[in-house]
Amino acid sequence: MTAQTTQPPAPASADPMISLVGVGKRYPDGTVAVADLSFDVPAGELLCLVGPSGCGKTTTMKMINRLVEPTSGRILVDGEDVAHTDPTRLRRRIGYVIQQIGLFPHLTVRANVATVPRLLGWDRARIRARVAEMLELVGLDPAAMGGRYPHELSGGQQQRVGVARALAADPPVLLMDEPFSAIDPVARDRLQGEFRRLQREIRKTVVFVTHDLDEAIRLGDRIAVFRQGGRLEQIDPPARVLGRPATDFVADFTGADRALRRLSVTPLRRDDLAPPRQAGPVGGATDLAGKSGTQAGTAVASDAAATGAVRSAPVPVQVGASLREALSALLAQDGEAIDVYAGDMPAGVLTPAALHAALRRSVAADTAGAGAGVSGAGEQA
Ligand SMILES: Nc1ncnc2c1ncn2[C@@H]1O[C@H](COP(=O)(O)OP(=O)(O)OP(=O)(O)O)[C@@H](O)[C@H]1O
């Protein structure tokens, strides 16, 4: 099946790092886990695979590093057909982080992180330096933690070691299968935030499996929504998946979660905006200003939702309007930037990327229980 696609916001390279072309997997017992799947992952992109349990996310991921062999189609990594690549050589170029962590229990943290560099025959000094660098990168003190064994670490610390180990040989590609799902919500929230920052720095090509739509929204440059049988329903940036579900299935899947409601109840802030393009007041903003003004967005969101007037009317978006209204206005302008007003004065410019950042901010605040305005609005809605 061909999914509806749009281009990612800023692909780092014209050539995809990962390509799946008509890939299928039928297990020996006849189960079709994946049917005719095609998508590309540009270099430097973090793509989240989401969908209900058993829809083929893990199978798809494992076919990329040949832990599972496809029964049809082709998979290319950096232009090379993985079917013709020695699996061991392939896996040294593809970091792999899984929910069960998979650290070697009888090896110290240091030795765990050194696994692939050792296999690659690096000299001891280089390995030592690299291990220390990786542990620091994931927020672990090499001196304090390096000599410990996995059972002497918390779940979150073990998962950090898993990430450090996957990154140690500097692979261009990372596969992550529900890496944070076995960790308590507070530690998971912190790890997600740290991983997002880390990814901005290292810009790996990442395929990240999760069943948690909020996690996908927070982390993904794009989200691929799967349904049973490994069928790809939509692959798009998060704001577009939420704002323009390509199929009824995607609408149901996202609707069953709280993300759309979150969009509706999260106010647009002035600091979400780039500087204004024009200085003067605008006609037509006054009506809306009279209704919305610069009050807290919670009242605005529920007011707008109640009347429906703001979403359908071609009036300027106000600071304090909901992200959902802002998204509707952006989409009405074909996804280009829009001017946002405070009263009848321009307050700034909103781009799709800035809206995505605002959405991430709201998910993070909600998860941490710190977003008083947001959760207040949620209760009200
Ligand atoms: N070795 C196997 N033999 C037969 N069927 C399998 C095998 N591995 C997976 N399956 C089936 O393939 C389908 C897809 O499984 P997969 O693990 O890829 O799904 P998933 O989306 O990752 O699920 P979850 O979110 O529950 O981990 C399921 O119906 C599963 O039962």
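Residues numbered from 1 in each chain as written. Predicted model: local features only at pLDDT ≥ 70, side-chain atom pairs only at ≥ 80, totals over all residues.

The name recorded for the chain in an unreviewed UniProt entry is ABC-type quaternary amine transporter, from Frankia canadensis. Entered under Sequence similarities (unreviewed entry) in the UniProt record, the comment concerning the chain runs "Belongs to the ABC transporter superfamily." (UniProt positions renumbered as here; feature names shortened; annotations may be inferred.)

Enquirer: I keep staring at the environment of Thr-58 and nothing clicks. Help me out?
Expert: Note on placement: Thr-58 falls in helix H1 (residues 57-64). Along the primary structure Thr-58 and Met-176 are separated by 118 residues, whereas in three dimensions their C-alpha atoms are 9.5 Å apart. Once residues lying within four places of it in the same chain are set aside, the contact partners of Thr-58 are Asp-177 and Val-209. (Helix = DSSP H or I, 4+ residues; strand = E, 2+ residues; numbered from the N terminus. Contact = placed C-beta atoms within 7 Å.)

Enquirer: Got a minute to help me understand the sheet that holds strand S14 (residues 345-350) in this structure?
Expert: Within a sheet, neighbouring strands are paired by backbone hydrogen bonds and run either parallel or antiparallel to one another. Here we have three strands laid out as an open sheet, ordered S12-S13-S14, and mixed in their pairing. Every other strand in the sheet has two partners, leaving strand S12 (317-318) and S14 as the edge strands with one partner each. Looking at chain direction, strand S13 (residues 338-342) and S14 are connected through five bridges and run antiparallel. When the bridges of S14 are listed, Val-340 appears paired with Gly-348. (Pairing = 2+ DSSP bridges.)

Enquirer: Teacher, can you tell me more about the site of the ligand here?
Expert: Every one of the 13 residues lining the ligand counts as a neighbour, but Tyr-27, Ala-33, Ser-53, Thr-58 and Thr-59 are closest to it. With three residues, the top contributor of residues to the shell around the ligand is H1. Of the residues contributing to the shell around the ligand, the split by class is three nonpolar, eight polar and two charged. (Near = placed C-beta within 6 Å. Nonpolar A, V, L, I, M, F, W, Y, C, P; charged D, E, K, R; others polar.)

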